[in-house]
Structure formats: C-alpha cells, structure tokens
Amino acid sequence: MSAPTWDQYMAPSLRVLLDGEIRRNRSIVEGAAESLGLTDEQRQIMIPSGQEQWLNRASWALSYLTRARAIERTSRAHYRITEVGRRLLDDHPDGITERDLRRLAGEDNASHTWKAFNAAFPPPAGLPTAELVEVETAESVLDPQEQIEAGIARITADVADELLTRIHAQEPVFFEQAVLDLLMKMGYGGAEGAATRTQLSNDGGIDGIIDQDALGLSRIYVQAKRYAPDNSVGRPAIQAFVGALAGNQANQGVFITTSMFSDGARSYAESVPTRVVLIDGERLTRLMIRYGVGVQVKQTIQIVEIDEDFFE
C-alpha cells in the first residue's frame, strides 16, 4: 500500500479543524494521518534529510492550505480553519488537489498571497500533482540543487506569512517604525540621511519622513497602513495620500500596506504627476526578507563543485 501523497493530507487536515478551535500543527498532522489510516511502516519511511516522509508531506499540505487562505496561522505553529477552508471542504469532500487550490485562488481575492507565491515559485513543468513538492528520492524530477531551492522557497513563504502575523500583533507605531527601518536598509536616506516618524495626533496623512541628505533637501514621505490581508486599499486612500504630499510640497512618496491595492488605486497612482510607489503586503515581506528586517539568517548552505583549475 503506497503512502498518502502530500495533497491527500489537505482534506483530513481541514476536517481536524472543522470545530473552529485553534490547534497546533503537530496535532493537525497527527489527526490527518490517523484519518488516512497511516500504518507504522509508512510512518517509518524517511526522506534523505532524515525527516519522516509522512510528516514532510503533511507539513507541505498545511503550507499550501495557508497559502490559499483555507487556514490561518493565529500564532507560531498554531492554525484555525477559515470560511474559505470550510467552503473548499464542502466543494471537495472526497479530496482536495493542488489544482483545486489554484482554481480557488483565481476566484477568491483573499488568496492573493497564494497567487504571488506561485508566480515567484512556479511548480516544475511536467511534475505530477501527487509529487509536486516531494524532494525525497533519487528518482525525483528535481535535481539536488532544485530540491534545495524548493525547500528555501517554502521556508521563505512561511516566514513571509509569519512576518505579517507578527506585524498585525504589534501596535501601529511598531509597523510605522519597521517601514522606516526597511527603507533605510534599502539605502534611502544615504550615508548621512535620517528617518523620522511623525506624531500620531497630527501627522497630516504622513506617517514618516526620510531625509535623503544631511540638509533635508530631498525627502521621501511615507504612509504606512496596517490592514487585514484580505483588505483592499482603494483609490480614495491614495488620493488622500497624494493630497497630503501636495500639502507638504512633496513630489515623491511611498504608500505601504500589509494588505493589497485595488486596480483603481494602482491606476490612479500611475496617472498623477507626483511619484507614488505602492508596496503591498506580499512585496513588503519580500523586501523585509531580502534586506534582513525582522528576520535573521538561521543557516548558510554552501554548494560545492569541482575546481577544474586544480586538475589542469
């Protein structure tokens, strides 16, 4: 009897969460494995990394369900089912496939991070659904370096989700300061520039100011809005920000949110003479990871190859 594939863990995982309770990831995958009737022999199968195969596959299922917003991470390693997840299970009671998740992402704006994840890390061409994220055998379609890249992609996506969760757990002033820290890490502010967070009581629609030079002759004005992931920032909010920039005689600004922007908001930002850059939650977490804001390097992996010069 072959072991369940990663996608076969999705429906049982959702059933474990149907009571609406928040559960730890280990409790969820154990419940799913029990529902699938996993045998002792199947539990003992290992992949090259030394992890149990069943646990690897069950963890991938949780990762993909999170990406599709079928479940939400309430805190580190704790999850709860969403209305999207309930609907998904109702529509596919006999089993959920990766294709079902992609179809859901196309229908539901709440799944924007799932679409962004797959745009950045598309599945290898020709890889069957049942093997989509498996990196466990020598006969795998993925070569060793691709396996490493796939693992890093998963880790990065999970960290990105957790970054947004942690940001939402903090006060608004924390997010405003984090945004300024990020822009400074990106090089805005120069060698002698400075970043200043405005007063909450009278910010005039501006949350932060970055002086690009010591004299403050060139400035970037920042608006930072912490919204729920499924919220869409519309055109009126961008119009208000442009008005605030005009009130400060500014010609450039950055609007950063933890959610996303509507098409109308993006079109308006591109149409005005003032240079307005929009950064949504997906791009924000990508930049935070790239520039090391709110994250740290846990492990560095070195990939070696033969030194041809040595053998000549």
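This text goes with the structure placed above it.
Residues numbered from 1 in each chain as written. Predicted model: local features only at pLDDT ≥ 70, side-chain atom pairs only at ≥ 80, totals over all residues. Heavy atoms only, no water.

*Asks:* It is not clear to me how unusual backbone geometry should be interpreted in this structure. Could you clarify?
*Replies:* Glycine aside, a negative phi is what most residues show, and trans is what most peptide bonds show. The backbone phi angle of Arg69 is positive, close to 65°, even though this residue is not glycine. With respect to the helices, strands and loops of the structure, Arg69 is situated in the loop between α4 (53-67) and β2 (71-75). Backbone geometry at Gln249 places phi at a positive 55°, although glycine is not the residue there. Relative to the assigned elements, Gln249 resides in the loop between α10 (235-247) and β8 (252-257). Among the residues examined, Gln249 registers a relative accessible area of 79% and is labelled exposed. (Helix = DSSP H or I, 4+ residues; strand = E, 2+ residues; numbered from the N terminus. Buried < 20%, exposed > 50% of the residue type's maximum accessible area, 1.4 Å probe, protein only.)

*Asks:* Is there a simple way to explain the pairing of β2 in this structure?
*Replies:* Residues in a regular strand point their side chains to alternate faces of the sheet. Pairing analysis gives four bridges linking β2 to strand β3 (residues 78-81), with the strands arranged antiparallel. Each bridged residue has a counterpart across the sheet, and for Ile71 the counterpart in β3 is Ile81. Here β2 folds back onto β3 in antiparallel fashion, the turn holding two residues, of which Ala77 has a positive phi close to 65°. (Pairing = 2+ DSSP bridges.)

*Asks:* Looking at this structure, how should I read the packing of aromatic side chains?
*Replies:* In this description, a pair of aromatic rings is defined by centroid distance and the angle of the planes. By the definition in use, this model includes five aromatic pairs. Arranged with centres 5.6 Å apart and planes meeting at 80°, the rings of Phe241 and Phe255 form a pair that is edge-to-face. Within this pair, whereas Phe241 is found in helix α10, its partner Phe255 is found in strand β8, the two being separated by 14 residues in sequence. When the centroid spacing of 5.0 Å and the interplanar angle of 85° are considered together, the rings of Phe310 and Phe311 count as edge-to-face. Neither residue differs from the other here; Phe310 and Phe311 are each classed as exposed. Here the aromatic cluster, defined as three or more aromatic residues joined through ring pairs, consists of Trp6, Trp60 and Tyr64. Taking the ring centre of Trp54 as reference, the NZ or CZ of Arg43 above it sits at 4.8 Å. (Phe/Tyr/Trp six-rings, centres within 6.5 Å; stacked < 30°, edge-to-face > 60°. Lys NZ or Arg CZ within 6 Å of the ring centre and 35° of its normal.)

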